[in-house]
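A look at the structure
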Amino acid sequence: MNTSRAFSLPHRGVVRVSGPDTASFLDTLLTCRTADLAAGAPRYGALLTPQGKIIAELFVHRDDDALLLDMLADQVADLIRRLTLFKLRAKIAIDDASADVAVVQDFAAAGGPRGDGAGGRRLVAPSAAAAAP
């Protein structure tokens, strides 16, 4: 019997946004603040249309000098396209990091972005996610 409380989420994809203007760029587009985001403390947010309709729901994770956007895998290409449209002169790079990073939901962890009962989100190497059920 498996007693692990961490589960791989293979239906999730990850977009990496890096560069010196990353936080200011994303703060103007997402519903959550990213400039003060701490490592290990993902924040829930969304990208909206000008009319307020949700384009993509996501979790923002800090990873050294980059921000990683954890979202549904089938929305990754569209989000990259939309962020690239807004990039203009911002000093950032936007790429699909889904092959390098996997998403794990850990119900043993407390203090998740949606409350303690929901557990915590972690981004791990794909080999580590394969070990989770």
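My aim in this report is to walk through the structure given alongside it, one point at a time. Because the structure is predicted, anything quoted here is derived from the model rather than measured.

Points about the sheet that holds strand S5 (residues 66-72)
One open sheet holds the five strands; their spatial order is S3-S4-S5-S2-S6, and the pairing between them is antiparallel. A single partner strand is all that each edge strand has here, and the edge strands are strand S3 (43-48) and strand S6 (93-96). The sheet shows a mean angle of 30° between the axes of neighbouring strands, direction not considered. Bridge count for strand S4 (residues 54-63) against S5 is five bridges, and the pairing is antiparallel. By the bridge assignment, Asp 63 is partnered in S5 with Ala 66.

Focus: helix H2 (residues 76-87)
Across its twelve residues, H2 extends 16 Å between first and last C-alpha, which sits within 8% of the 16 Å expected from 1.5 Å per residue. The complete set of buried residues in H2 reads Val 76, Leu 79, Ile 80 and Leu 83. Taken down its axis, H2 places every buried residue within 100° of arc, on the same side. Seen from the open side of H2, the exposed residues pointing more than 90 degrees away from its buried face are Ala 77 and Leu 85. Looking at the buried positions of H2, the neighbouring elements they touch are strand S2 (12-18), helix H1 (22-27), S3, S4, S5 and S6. Just downstream of H2, Leu 88 is the residue with a positive phi angle, here 45°.

A short note on the sheet that holds strand S1 (residues 6-8)
Strand order in the open sheet made by the three strands is S1-S7-S8, with antiparallel pairing throughout. A single partner strand is all that each edge strand has here, and the edge strands are S1 and strand S8 (120-124). Here the strands of the sheet are splayed against their neighbours by 30° on average, with no regard to which way each runs. Where S1 lies against strand S7 (residues 102-106), three bridges are found, and the strand directions are antiparallel. Bridge assignment links Phe 7 to a residue of S7, and that residue is Gln 105.

What counts and how
Residues numbered from 1 in each chain as written. Predicted model: local features only at pLDDT ≥ 70, side-chain atom pairs only at ≥ 80, totals over all residues. Heavy atoms only, no water. Pairing = 2+ DSSP bridges. Helix = DSSP H or I, 4+ residues; strand = E, 2+ residues; numbered from the N terminus. Axes fitted to C-alpha atoms, helices over the stretch in contact; angles between N-to-C directions. Expected span 1.5 Å × (residues − 1). Buried < 20%, exposed > 50% of the residue type's maximum accessible area, 1.4 Å probe, protein only. Arc of directions from axis to C-beta. Contact = heavy atoms within 4.5 Å.

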